[in-house]
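Structural characterization, general
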Amino acid sequence: SPQLTMGAWVYPQSRFEAHDGVRAVLTLDDAQGHAARALAIDAGRWVAFAGSGGVLAGPPVRPFEWAFVAVVYDQAARTVALHVDGETTSGEAFMRAGRRSLRIGARGGAGTGFHGVCDAVFVYSAPLTATELSVLRAGDLERVVEPGT
């Protein structure tokens, strides 16, 4: 989907140093197995794959602490936004079509897995606003999505 929001509460159980490589938390791969959309950790920082925009780097990961992390892809606006505990990093993006399956904690290749815990994983086929993500972070799902939709 060209419009997408995905995220979770994430508890990293490693320091994720630069030599550890990219560790996928949530990914949607294209038909060739490349990450079309991804929320990951690279060199100790939260990152979002931004298609033609490369990799959008966010704040440092705090090991052994829960973080609310989300990435918002808006193909119409050609943007990607990485949200970590209320802090937003934005950039330009143009994404390839992703599969309809979501990988949690891995990308499929050896050595790409995430060492930690993901809770309350969510995926929306719409670009949520910062306000809507704040509501999700507070745990009030019904204010973001109308019941029965």
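Notes on the structure follow. Model, not experiment: these values are computed from the prediction. (Residues numbered from 1 in each chain as written. Predicted model: local features only at pLDDT ≥ 70, side-chain atom pairs only at ≥ 80, totals over all residues. Heavy atoms only, no water.)

Glancing now at the pattern of salt bridges. Under the counting rule described, the total for this entry stands at three salt bridges. Glu 65 is paired through a salt bridge with Arg 62; the nearest N and O atoms lie 2.8 Å apart. Look at Glu 65 and you get partly exposed, because its relative accessible area is 39%. For Arg 62, a relative accessible area of 39% corresponds to the partly exposed category. The salt bridge partner of Arg 137 is Asp 85, with a shortest N-O separation of 3.8 Å. In this pair, Arg 137 sits in helix H1 (residues 130–137) while Asp 85 sits in the loop between strand E7 (79–84) and strand E8 (87–92), placing the two residues 52 residues apart along the sequence. Given a relative accessible area of 35%, Arg 137 falls into the partly exposed group. Through salt bridges with shared partners, one network takes in Arg 62, Glu 65, Asp 85 and Arg 137. (Salt bridge = Lys/Arg side-chain N within 4 Å of Asp/Glu carboxyl O. Buried < 20%, exposed > 50% of the residue type's maximum accessible area, 1.4 Å probe, protein only. Helix = DSSP H or I, 4+ residues; strand = E, 2+ residues; numbered from the N terminus.)

Here we come to the sheet that holds E7. Taking strand neighbours across the sheet as the criterion, the five strands line up as E8-E7-E6-E1-E10 in an open arrangement whose pairing is antiparallel. Either end of the sheet is taken by a strand with one partner, and the two such strands are E8 and strand E10 (116–124). On average, each strand axis in the sheet is tilted by 15 degrees relative to the strand beside it, whichever way the strands run. Bridge count between strand E1 (residues 3–12) and E10: seven bridges; the pairing is antiparallel. Note on E10: the bridge partner recorded for Gly 7 is Phe 122. Against the sheet, H1 engages E1, strand E6 (67–74), E7 and E10, with an angle of about 150 degrees to E6. (Pairing = 2+ DSSP bridges. Axes fitted to C-alpha atoms, helices over the stretch in contact; angles between N-to-C directions. Contact = heavy atoms within 4.5 Å.)

A separate point is the pairing of E1. Counting buried positions along E1 gives seven out of 10 residues, so the element sits mostly inside the fold. Strand direction decides the pairing type here: E1 and E6, joined by eight bridges, are antiparallel. By the bridge assignment, Gln 3 is partnered in E6 with Asp 74.

Core analysis: the largest hydrophobic core is formed by 23 residues, its most contacted members being Trp 46, Val 69, Val 80 and Leu 82. Going through the elements one at a time, E1, strand E2 (23–29), strand E3 (35–42), strand E4 (45–49), E6 and E7 are the ones with two or more residues in this core. Ala 81, Tyr 124, Leu 128 and Leu 133 belong to the second-largest nonpolar core, a separate cluster that totals nine residues. (Core = buried A, V, L, I, M, F, W, Y, C linked by side-chain atoms within 4.5 Å.)

The subject of this paragraph is unusual backbone geometry. Despite not being glycine, Phe 64 shows a phi value in the positive range, around 65 degrees. By the secondary structure assignment, Phe 64 is in the loop between strand E5 (55–60) and E6. Assessed through its relative accessible area of 41%, Phe 64 is described here as partly exposed. Residue Asp 85 is not a glycine yet carries a positive backbone phi of 50 degrees.

With that settled, consider the side chain of His 83. Along the chain, His 83 turns up in strand E7. Within the local environment of His 83, its side chain forms a polar contact with the side chain of Thr 88, the two groups lying 2.8 Å apart. Look past the residues within four positions of His 83 in its chain and what remains in contact with it is Phe 68, Val 69, Ala 70, Val 72, Thr 88, Ala 130 and Leu 133. (Polar contact = N/O pair within 3.5 Å; in protein donor to acceptor, adjacent residues only side chain to side chain.)

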